[in-house]
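Listed below, chain by chain, are the residues.
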Amino acid sequence: MLFAGVSVVMGCRLADTDGITPVPQFLAFLPWLVAPTAVGLALVLLARWWPGVVWSVVLLGLLAWFIEPYGKSGEPVGPAVASFRVLTSNVEFGQATGALTDAVRRERPDLVFVQECEYTCDAELKRTLGGTYPHRRAVEGGGSAGSVILSRFPLKAADPIPGTMGMPGAVAEVRGHAVRLQLAHPMPPLPGQVDVWKRELGRLRDFAADTSGPVLLAGDFNASQDHAAFRRILDTGLRDAARLAGDDRTPSWPARTAPTLGAQIDHVLLSADFSAQTARFLDLADTDHRALLVTITLHVRP
């Protein structure tokens, strides 16, 4: 039974599909499937069931293969023109607004992407951080629907990506260079909502494929590198800043069990115009997500 359950999940991973519930939910925790597979291996060794031993070894080999980082890496070509810091945080219906404000004042990022920032959160960020971050783009909404981009850099308007929850966009002027910013917050893969989740991740993939020049896509993707829908975003050429900084498997959700157990579903994705120096996951009170803070550098291509 252990091997059968793991085999279904691994079969979908091999087929490059997210399948149907409960496969997408289990795929988020793919590295942790090593545990039930190892338990099964111990049982079949005790029982001397040799086909089961072969089965378990194959599963463990596949798990080891797929745990490796996915997507492109490497340094961009061209001189560096600006280094800055980016913070993304899901504040869980605005509950962690105070903790986020403290973290922003302490860490002083240049760009802040905030998800699940409802009306009260939006007003509080305006009041407490409006002087430090005079430029902003937002999709207002209650509950989980509101999202905000705060910036030290001047921003021009850009169309948001339509979704169940707000995904605002902007164009930042960074040292005279235009950088396309996009907040990501697709629907989570809840039972009965997997098709919506795939569709909204597909819109993010289309955005990444159709946008040229420096691009920065950040937020709560509700997906890890083990989801096919997220890998298709990386296949456009965007690179995960946490991976570039050596933290590709550090969990960001759920905060209660991270970093011991969890999945990395909060990301900062960069076009090939950027390099990433550091990535840190910050524990904030009153939210089920850890914030992600990255230091990146913009390069000018020859």
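Residues numbered from 1 in each chain as written. Predicted model: local features only at pLDDT ≥ 70, side-chain atom pairs only at ≥ 80, totals over all residues. Heavy atoms only, no water.

A closer look at the state of the cysteines
Where we set the bar: When the sulfur atoms of two cysteines come within 2.5 Å, that pair is taken as a disulfide. When accessible area is computed with a 1.4 Å probe and restricted to protein chains, residues below 20% of their type maximum are described as buried, those above 50% as exposed, and intermediate ones as partly exposed.
Going through the model one piece at a time under the given rule, you end up with 1 disulfide. One disulfide in the model links Cys117 with Cys121; its S-S distance is 2.1 Å. On the S-S bond that ties Cys117 to Cys121, the torsion sits near -100 degrees, and the link is left-handed. The residues Cys117 and Cys121 share a single accessibility class, namely buried.

A look at the sheet that holds strand β4 (residues 147-151)
Selection rule: Between any two strands, pairing holds if DSSP finds at least two bridges. By the criteria applied, helices consist of DSSP H or I runs no shorter than four residues and strands consist of E runs no shorter than two, each listed in order from the N terminus. Structural elements are reduced to axes, namely lines fitted to C-alpha atoms, with helices fitted over the stretch in contact, and the angle between N-to-C directions of any two is expressed from 0 to 180 degrees. Contact criterion: two residues are considered in contact whenever any of their non-hydrogen atoms come within 4.5 Å of each other.
Taking strand neighbours across the sheet as the criterion, the 6 strands line up as β3-β4-β2-β1-β12-β11 in an open arrangement whose pairing is mixed. Edge strands, defined here as strands with exactly one partner in the open sheet, are β3 (135-139) and β11 (274-282). Pairs of neighbouring strands in the sheet enclose a mean axial angle of 15 degrees, with direction left out of account. By the bridge criterion, 5 bridges tie β3 to β4 in an arrangement that is antiparallel. Considered in β4, the bridge of Val139 is made with Ser147. In this fold helix α5 (residues 97-107) packs onto β1 (80-90), β2 (111-115), β11 and β12 (291-299), with an angle of close to 160 degrees to the strand it touches most, β1.

So far we have only geometry, and geometry alone does not tell us how the molecule works.
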